[in-house]
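Listed here are the chains, written in short residue letters.
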Protein chains: 2
Amino acid sequence: MVRTGQGPGRPRDSEIDEAVLGAARELLAEVGYAAVTMDAAAARAGTSKAAIYRRYRSKAELLFAAAVHSPAPAPTADTGSLAGDLAALARRVLSDMTTPAAREVAPQVVAEVARSPEAARRLRDVFVSGERAEVDAVLDRATGRGELPTRPDVATVHRVLGGALFFSVFVIGEEPDEAALADVVDLLVAGLTTRSTLPS
Amino acid sequence: MVRTGQGPGRPRDSEIDEAVLGAARELLAEVGYAAVTMDAAAARAGTSKAAIYRRYRSKAELLFAAAVHSPAPAPTADTGSLAGDLAALARRVLSDMTTPAAREVAPQVVAEVARSPEAARRLRDVFVSGERAEVDAVLDRATGRGELPTRPDVATVHRVLGGALFFSVFVIGEEPDEAALADVVDLLVAGLTTRSTLPS
């Protein structure tokens, strides 16, 4: 993607980014996922549909970014331990999943993934890779502290942590409380810090 | 639910059970979740709608049972170790999740859980409790073998294992291969067998 130079009177890219996400969130709350259109998002954001498509290839991508997290989520703060970092990450992910916007979008993402392997691949490339980068940074720090006997597979940790939270909220329909969240993190930390070898 | 006595000329309950589930599976494959009706399932099964409602309180329950698993899934075979039992359970659950019928039903279950707290509660009472009973039996055997320093919370183990599989198949859209499945199970077993205390 080539960004053109910005004249003094034009909104900056970051302003358009924010306007587009804000417009998408408003529309989601007002009309629901099915009725949101790229045209309406562009009009509400005061920009062009082309400007939105330069950022998101589909409505599913736009609404995921607006409702759940951006393609590059902010890194988890360094709490000084793997247990602390994973607890902080789990709380952040749970909080991302339980907003009204996320509750509106998540079932649609599952439907989209089931309907279209191409949409699933794009969502993986754009959003899952961002989530795994975040997990990877946490595992990097733990490795640096000497907390991990072996380097875990980042996809496994992502599956277990993201899966436990998603499954609880959206499949079982039971949001984990602090104790349940702590128990999942504790189990994960115990597993990660005691495995002597990765299975082949 | 009161079962009436069966005369010699009437189909037995277990025959009706199977006919209803078979009819639901056929209809799912032929017309898809949205177009299945309880009337059509009754007609196809050669029974009454009342007979279906004695077994399942809603279309969602009938189709979950037909496509994924019964309210009381068969117990996991005793393989002689926690690692073996959890691997067998994980393979069974993955296989249950990846049939064409389950792929048709799972997104609808997520949509139903998001739409109706009452439907979510029923699905938990009927199906999640069956899944947790299965996990519980595996943990009971491991406790009996002396493999577990403490009794784990069954809901945590269910969330982690079920969640990792569901998330992979239906959210990431990436079915875990044997190595990925083994890595999840290995992490879980390492965590369960080394935790010295449950977090409070």
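Just above sits the structure.
We now turn to the structure provided with this report. Starting from 1, residues in each chain are numbered consecutively following that chain's sequence as written. For this description, chains carry letters from A and ligands carry numbers from 1, given in the order in which they are written. Reporting of local features is limited, given that this is a predicted model, to residues whose pLDDT is at least 70; pairs of side-chain atoms are given and counted only at 80 or more, and all residues count toward the totals for whole chains, interfaces and linings. Heavy atoms from the whole structure form the basis of all side-chain values; hydrogens and water molecules are not counted.

1. Remarks on helix 1 (residues 13–31) of chain A
Residues and elements named next belong to chain A.
Here is step 1: The secondary structure listing takes helices from DSSP runs of H or I that are at least 4 residues long and strands from runs of E that are at least 2 residues long, numbered from the N terminus. Each helix should span, by expectation, one fewer than its residue count multiplied by 1.5 Å. The end-to-end C-alpha distance of helix 1 is 27 Å, a good match for the 27 Å that 19 residues give at a rise of 1.5 Å each.
Here is step 2: Buried residues are those whose accessible area, probed at 1.4 Å on protein chains only, stays under 20% of the maximum for their type, while exposed residues exceed 50% and partly exposed ones sit between those limits. Listed as buried for helix 1 are D13, I16, V20, L21, A23, A24, L27 and L28. Taken end-on, helix 1 shows its buried residues confined to a sector of 160°, consistent with a single buried face.
Here is step 3: The elements touched by buried residues of helix 1 are helix 2 (38–45), helix 3 (49–55), helix 4 (59–67) and helix 6 (100–115).
Here is step 4: Within two residues after helix 1, G32 carries a phi angle of roughly 85°, on the positive side. An arc is given here, and it is the one of the directions from the helix axis to the C-beta atoms. Contacts are assigned to residue pairs that have any heavy atoms within 4.5 Å of one another.

2. A word on the interface of chain B and chain A
Here is step 1: In this complex, chain B contributes 42 residues to the contact, which on the side of chain A involves 42 residues.
Here is step 2: Accessible surface is computed with a 1.4 Å probe, and the buried area is the amount of it that two parts give up when combined, taken over both parts together. In total, about 3,700 Å² of surface goes out of reach between chain B and chain A, with carbon and sulfur atoms giving 68% of it.
Here is step 3: Among the residues chain B hides against chain A, the three largest losses belong to R159, F167 and L187 of chain B. Together they make up 19% of the total.
Here is step 4: Basic side-chain nitrogens of Lys or Arg form a salt bridge, by our definition, when they fall within 4 Å of a carboxyl oxygen of Asp or Glu. Along the contact surface separating chain B from chain A lie 9 salt bridges.
Here is step 5: When the shortest N-O distance is used, the salt bridge between R195 of chain A and D183 of chain B registers 2.9 Å.
Here is step 6: Within 3.5 Å is the distance limit for a polar contact, defined as a pair of N or O atoms, with the added protein rule that one can donate a hydrogen and the other accept it, and that residues adjacent in sequence qualify only through two side-chain atoms. Inspection of the region where chain B meets chain A yields 14 residue pairs in polar contact (both at pLDDT 80 or more).
Here is step 7: Breaking the side of chain B that touches chain A down by element, the ones donating at least two residues are helix 6 (100–115), helix 7 (117–144), helix 8 (154–172) and helix 9 (178–194) of chain B.
Here is step 8: Polar here means any residue outside two lists: the nonpolar Ala, Val, Leu, Ile, Met, Phe, Trp, Tyr, Cys and Pro, and the charged Asp, Glu, Lys and Arg; Gly therefore counts as polar. Each residue belonging to the side of chain B that touches chain A can be placed in one class, and the counts come to 24 nonpolar, 9 polar and 9 charged.

3. Regarding the nonpolar core
Here is step 1: What we call a nonpolar core is a set of buried Ala, Val, Leu, Ile, Met, Phe, Trp, Tyr and Cys residues that are connected through their side-chain atoms within 4.5 Å. Counting residues in each nonpolar core, the largest one holds 70 residues, and the members touching the most others are L86, F166 and L192 of chain A together with L86, F166 and L192 of chain B.
Here is step 2: Non-local contacts of F166 of chain B, meaning those with residues more than four positions away in its chain, are made with F166, F167 and V171 of chain A together with M97, A106, V110 and V171 of chain B.
Here is step 3: Membership of the second largest hydrophobic core comes to 32 residues, among which are A23, L28, A45 and L63 of chain B.

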